[in-house]
Amino acid sequence: MKNISEKPSQLITKEFAKQLNLNYTNKKAQLTAKSSDKEDANAIWYSLEALEAYIDYIKTHGAESGYEVDGIRFYFGVYPDDEKLGEKAGLTTLFLSATGKKTNMDTDDNTNQVQGFAATKQAASADIQSLEPMNYGNIGRPPSLIY
């Protein structure tokens, strides 16, 4: 059993995090300076409760769909310029998508035959299309934060 107090191997220094954030802010500003009059978000926040609920959802429903959930992929996006979205319209967002591998063969519904009994796994982890992505983190106030 893994010791949960161990440091994750993907940790980076605060200095490198600051550099990454500054690089993103500078590059994004160059791209959007002429096209937008709103300050865009450069950070998205999710509560632990929301993240834990999403992890529970993807593990439970992934297993029910015949997947071994093995991770979460984070995608950047931009909200449509739609007044229904209020202050988020046209701004950057970050959404999460469950990843995993199929653990069993599909059944053929037309003949009701099972294609195979042995569990099979795809070679590479992929987004699980049967599970809904998670979005709507908080961009905070002000939208652009400096790490």
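(A) Representation of helix H2 (residues 48-64). With 17 residues, H2 extends 24 Å between its outermost C-alpha atoms, agreeing within 8% with the 24 Å of an ideal straight helix rising 1.5 Å per residue. Taken as a whole, H2 has its buried residues at Tyr54, Ile58 and Gly62. One face of H2 carries all of its buried residues, which in axial projection span an arc of 45°. Away from its buried face, by an angle of more than 90 degrees, H2 presents the exposed residues Leu48, Glu49, Glu52, Lys59, Ala63 and Glu64. Looking at the buried residues of H2, the elements they touch are strand E1 (67-78) and strand E2 (92-102). Positive backbone phi, at 85°, marks Gly66, one or two positions downstream of H2.

(B) A look at the packing of aromatic side chains. Counted by the stated rule, this structure contains four aromatic pairs. Ring centres 6.2 Å apart and planes at 20° place the aromatic pair Tyr24 and Phe76 in the stacked group. Here Phe76 lies in strand E1 and Tyr24 lies in helix H1 (residues 14-32), a separation of 52 residues in the sequence. By relative accessible area, which is 64% here, Phe76 ends up exposed.

(C) How the structure looks around the pairing of E2. Counting buried positions along E2 gives nine out of 11 residues, so the element sits mostly inside the fold. Here E1 runs beside E2; their pairing, made up of 11 bridges, is antiparallel. Its bridge partner lying in E2, Glu68 is registered against Lys101. In this sheet, strand E5 (residues 126-127) lies alongside E2 in antiparallel orientation, the contact comprising two bridges. Bridging across to E5, Gly100 finds its partner in Ala126.

(D) Focus on a nonpolar patch on the surface. Side chains of Ile12, Phe16 and Leu20 sit close together on the surface and give an oily, nonpolar patch of about 260 Å² of accessible area. Within the secondary structure, Ile12 is located in the segment before H1.

(E) Structural context of the nonpolar core. Core analysis: the biggest nonpolar cluster contains nine residues, these being Tyr46, Tyr54, Ile58, Tyr67, Leu96, Ala98, Ile128, Leu131 and Met134. Listed by contribution, the elements that provide at least two residues to this core are H2 and E2. Apart from the residues within four sequence positions on either side, Ile128 is in contact with Tyr67, Val69, Ala98, Thr99 and Gly100.

(F) The arrangement of the sheet that holds E1 in detail. Taken in spatial order, the three strands of this open sheet run E1-E2-E5, and their pairing is antiparallel. Each edge of the open sheet carries a strand with a single partner, namely E1 and E5. Lying on the sheet, H2 is in contact with E1 and E2; it crosses E1 at an angle near 130°.

(G) A look at the pattern of salt bridges. All chains considered together, the criterion is met by one salt bridge. Asp127 is the partner of Arg73 in a salt bridge, and the nearest nitrogen-oxygen pair spans 2.2 Å. Here Asp127 lies in strand E5 and Arg73 lies in strand E1, a separation of 54 residues in the sequence. On the accessibility criterion, Arg73 (32% relative accessible area) is partly exposed.

Conventions adopted
- Every chain is numbered on its own, with residues counted from 1 as its sequence reads.
- Local features are withheld for residues below a pLDDT of 70 in this predicted model, meaning they are given only at 70 or higher, and side-chain atom pairs are given and counted only at 80 or more; totals for whole chains, interfaces and linings count all residues.
- Excluded from the side-chain calculation are hydrogens and water; included are all heavy atoms of the structure.
- Counting from the N terminus, the helices are DSSP H or I runs at least four residues long and the strands are E runs at least two residues long.
- The span you would expect from a helix comes to 1.5 Å times its residue count less one.
- Burial classes follow relative accessibility: with a 1.4 Å probe on protein chains only, a residue under 20% of its type's maximum area counts as buried, one over 50% as exposed, and anything between as partly exposed.
- To obtain the arc, one takes the directions from the helix axis to the C-beta atoms.
- The contact rule is simple, with two residues in contact once any of their heavy atoms fall within 4.5 Å.
- For Phe, Tyr and Trp, where Trp contributes only its six-membered ring, two rings pair if their centres lie within 6.5 Å, and the inter-plane angle classes them as stacked under 30 degrees, edge-to-face over 60, or tilted in between.
- Paired strands, as defined in this entry, are two strands with at least two bridges between them according to DSSP.
- Residues enter patches when their relative accessible area tops 30% and they take part in no salt bridge; the joining distance is 9 Å for like charges and 5 Å for the nonpolar side chains Val, Leu, Ile, Met, Phe, Trp and Tyr.
- Residue exposure ignores everything except the shown protein chains as possible cover, and the areas themselves are Shrake-Rupley values with a 1.4 Å probe.
- The term salt bridge refers to a side-chain nitrogen of Lys or Arg lying within 4 Å of a carboxyl oxygen of Asp or Glu.
- We define a nonpolar core as any set of buried Ala, Val, Leu, Ile, Met, Phe, Trp, Tyr and Cys residues linked to one another through side-chain atoms lying within 4.5 Å.
- Axes here refer to lines fitted to C-alpha atoms; in helices the fit is confined to the stretch in contact. Angles between the N-to-C directions go from 0 to 180 degrees.

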